[in-house]
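Reading the structure
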Amino acid sequence: MNLTSVDYAILVLYFAFVIGIGWKLRKSVTSSGEFLTAGHSVPVWITSLAFLAANLGAQEVVGMCASGAKYGIMTSHFYWIGAVPAMLFVGVFMMPFYYGSRARSVPEYLKLRFDEKTRGLNAITFAVMTLFSSGISMYALAKMFNLVLGWNFNSSILLSAAIVLAYTYLGGLTSAIYNEVLQFFLIVLGFSPLAILSVARAGGWSGIEHRLAPTMTHAWRYVGHANENPMGVEAFGLVAGLGFVLSFGYWCTDFLVVQRAMAANSMSAARRTPLLAAFPKMIMPFIVIMPGIAAIALTKMGSGYSLPLKGNGYDYDQALTTLMAQFYPSGMLGVGLTALMASFMSGMAGNVTAFNTVFTYDIYQSYIRPDASDEHYLTVGRITTVVGVALSIATAFLATQFNDIMDFLQLVFGFVNAPLFATFLLGMFWKRTTGHGAFWGLISGTLAAAFTWMLTVAEGKGGTIANLHDFPSQMAQNFWIALFAWSTCMVVTIAISLATRPHPESQLRGLVYGLTEVPREQGVSWYRRPVPLAIIVAIALVFLNLLFR
């Protein structure tokens, strides 16, 4: 792939613009709250797009295109089942607790609702996860540009890290949020033409249906049995594992995305943030999945394009970049590569800003310097940003030593977020849940996930103790690991809570359903109220699932 001066000019212009945003916002950041939580002052249309863009990183853009080539339209389940329903739930039901409690982070909410040890456990595990996620984004970006453009691997890592550090250090969370909005528009502008051109060259959707197996063009028809579809999952594992546990565990409890909604300037805006984000989320499969499906159809057509081979099969990870090289002329290629870089940097910046908030408030302020001045915490937040980027660089280089680090990170999600969702579900909707129950439930859920992995095998991975079951794919194994982790945490939390003393109701106001006042929005236009928005999204979601059933 050869870039011209026009393409490089577009990349340089993007770098200058994102750093400029941070420079412009630097004077408005005068307190730790403004640096780490954006002062709860960001307009709803900004927080909505940032809520979506924080999840629109490298793994989604490149990975979902690759999954489209491998699994077909079934990949849309990660959006229409594995994201949007949970986004509706967090907006309608959970944001009143997050925003109403005035917690500065998800771990701090756990402290207010349960106790210090539950907050500490979540803060430490989340901090480690964000560093790994940020580092993997750096690694994937450097690897991509090394293979595609021949750029030096080390230089690519340091360049991306320097740019993210510059605008997050200068403007904090506000800068990251505004840059995520820019990155969202870049991703749409950079990849929408690719989806249109590749699908059109394959003969439209009807041409794709004609050339590919029916299992690649139907989302629901072949999920009756795991061996009938390329993803290797059955309906129950798909809906319960992905659509409920993994999806709700991520969108409802992961501070990386919840932080964007908590930055909104009112309770109403915070609740509408994930609901408004759900509209563009529903159309993202047409932008990032369709090119992958078209790549397989074009390969089978003998059209002059062919997906590269890897071993005995296709190298699905190269679907996006090879299509760009095939269809994009000079100039447009620069826009596409800038969008690709924006997606990687979006994931990196999201993880860094979540890490510095959790470390400063939930670890440093809680356990190291609890009574320092706000100016001191602002300084610590900035230093933590630098340290977080440095540790992410180290993680990126560490990733070069492992061939399965991406699979490992996906597995960790089931280990940590799946049991955490059970904890939140009980804590927010059952007053009887106790801190001891939540703490030991989280630990037991994680252990259940570990034993499930060690007792089952998928694609040669797992089964370190024994092989009690073979899953047809790692995807199916991860769904069931999440289910076992969630179920175990739920049962253990309930059992221990019933045997221990709960907090008095006076301490639970603003934290538990029935004890939290949700503002009534009478006299407000329907499109400014959460429930009507959620109903519209739900209707559109049903339509899409029926259209590609």
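Everything below is about the structure shown above.
All of the points below concern the structure found in this document. Remember, predicted model here, so these are calculated numbers, not experimental data. (Residues numbered from 1 in each chain as written. Predicted model: local features only at pLDDT ≥ 70, side-chain atom pairs only at ≥ 80, totals over all residues. Heavy atoms only, no water.)

Focus on the overall build of the protein chain
- Check the secondary structure of the protein chain and you find 21 helices and five strands.
- Taking 24 Å as the expected radius of gyration for a compact globule of 549 residues, we find that the protein chain reaches 23 Å, a close match to that expectation.
- Along the three orthogonal principal directions, the C-alpha set of the protein chain runs to about 70 × 55 × 55 Å.
- Burial status across the protein chain gives 60% buried among its 549 residues.
- Restricting the contact set of the protein chain to residue pairs at least 6 apart, pairs at least 24 apart contribute 81%.
- On the protein chain, roughly 21,000 Å² of surface is accessible, and the fraction owed to carbon and sulfur atoms is 64%. (Helix = DSSP H or I, 4+ residues; strand = E, 2+ residues; numbered from the N terminus. Rg over C-alpha atoms; globule rule 2.2 N^0.38 Å. Buried < 20%, exposed > 50% of the residue type's maximum accessible area, 1.4 Å probe, protein only. Contact = heavy atoms within 4.5 Å. Areas by Shrake-Rupley, 256 points an atom, 1.4 Å probe, with all protein chains shown as cover.)

Examining empty space enclosed by the protein
- Enumeration according to the criterion identifies one cavity of 30 Å³ or more in this entry.
- Breaking the lining of the largest cavity down by element, the ones donating at least two residues are helix 8 (116-148) and helix 18 (405-429).
- Looking at the lining of the largest cavity residue by residue, the classes come out as four nonpolar, three polar and one charged. (1 Å grid on protein atoms, 1.4 Å probe; cavity = no way out; pocket = protein on both sides within 12 Å on 5 of 7 lines; lining within 4 Å. Points joined across faces, edges and corners; volume = space filled by probe spheres on them. Nonpolar A, V, L, I, M, F, W, Y, C, P; charged D, E, K, R; others polar.)

Notes on the sheet that holds strand 3 (residues 456-458)
- Overall, mixed pairing links the three strands, which are arranged 4-3-5 in an open sheet. In the strand order of this sheet, the two ends are held by strand 4 (461-462) and strand 5 (469-471), each with one partner.
- In this fold helix 19 (residues 435-455) packs onto strand 3, strand 4 and strand 5, with an angle of close to 65° to the strand it touches most, strand 3.
- Packing against the sheet, helix 20 (residues 474-499) makes contact with strand 3, strand 4 and strand 5, and its axis sits at approximately 145° to strand 3. (Pairing = 2+ DSSP bridges. Axes fitted to C-alpha atoms, helices over the stretch in contact; angles between N-to-C directions.)

Looking at the nonpolar core
- Within the largest apolar cluster, 177 residues are counted, with the highest numbers of intra-cluster contacts made by Tyr-98, Phe-191, Leu-320 and Phe-424.
- No other element matches the 15 residues that helix 9 (residues 153-201) contributes to this core.
- Here Tyr-98 is in contact with Val-90, Ala-103, Val-106, Tyr-109, Cys-252, Thr-253, Val-258, Met-262, Phe-424 and Met-428, once residues within four sequence places are set aside.
- Listed in part, the five residues of the second largest apolar core include Val-29, Phe-35, Tyr-361 and Leu-378. (Core = buried A, V, L, I, M, F, W, Y, C linked by side-chain atoms within 4.5 Å.)

Digging into the packing of helix 11 (residues 235-253) against helix 20
- Two elements in contact, helix 11 and helix 20, have axes whose closest approach is 9 Å; the angle formed by their N-to-C orientations is 60°. Here helix 11 lies oblique to helix 20, going by the angle between them. Two packed elements cross with a definite hand, and for helix 11 against helix 20 that hand is left-handed. For the pair helix 11 and helix 20, the contacting residues are Phe-236, Gly-237, Leu-238, Ala-240, Gly-241, Leu-242, Phe-244, Val-245 and Leu-246 in the first and Asn-478, Phe-479, Trp-480, Ala-482, Leu-483 and Trp-486 in the second.
- Looking at the contact of helix 11 with helix 20 residue by residue, the classes come out as twelve nonpolar, three polar and no charged. (Parallel < 35°, antiparallel > 145°, perpendicular 65-115°, else oblique. Left-handed = near helix turned anticlockwise from the far one by under 90°.)

Remarks on the packing of aromatic side chains
- Counted by the stated rule, this structure contains 27 aromatic pairs.
- Taken together, a centroid distance of 5.7 Å and an interplanar angle of 40° make the contact between Phe-236 and Trp-480 tilted. You can see Phe-236 sitting in helix 11 and its partner Trp-480 sitting in helix 20, a full 244 residues away along the chain.
- With centroids separated by 5.1 Å and ring planes inclined at 85°, the aromatic side chains of Phe-439 and Trp-440 adopt a geometry described as edge-to-face.
- Residue Phe-439 is classed as buried on the basis of its relative accessible area of 15%.
- Looking at Trp-440, the relative accessible area reads 44%, which means it is partly exposed. (Phe/Tyr/Trp six-rings, centres within 6.5 Å; stacked < 30°, edge-to-face > 60°.)

A word on the environment of Phe-439
- When you line up the elements, Phe-439 lands in helix 19.
- Sequence spacing of Phe-439 and Gly-120 is 319 residues, and the spatial spacing of their C-alpha atoms is 9.8 Å.
- Discounting chain neighbours no more than four positions away, the residues touching Phe-439 are Lys-117, Thr-118 and Leu-121.

Regarding a nonpolar patch on the surface
- There is a patch of nonpolar side chains on the surface, built from Phe-279, Trp-526, Tyr-527 and Ile-536 and spanning about 400 Å² of accessible area.
- Secondary-structure assignment places Phe-279 in helix 13 (residues 267-288).
- Judged by relative accessible area, Phe-279 falls into the partly exposed class, the value being 30%. (Patch = residues over 30% accessible without salt bridge, like charges linked within 9 Å, V, L, I, M, F, W, Y side chains within 5 Å. Salt bridge = Lys/Arg side-chain N within 4 Å of Asp/Glu carboxyl O.)

Here's the deal with the packing of helix 1 (residues 5-25) against helix 9
- As a packed pair, helix 1 and helix 9 sit with axes 8 Å apart at the nearest point and diverge in direction by 105°. One way to sum up the angle between helix 1 and helix 9 is to call them roughly perpendicular.
- Split into classes, the residues belonging to the contact of helix 1 with helix 9 amount to 16 nonpolar, six polar and no charged.

Details of the state of the cysteines
- Applying the stated criterion across every chain yields a total of zero disulfides.
- Not part of a disulfide, Cys-489 finds its nearest cysteine sulfur in Cys-252, a span of 15 Å. (Disulfide = S-S within 2.5 Å.)

By themselves these figures say nothing about function.
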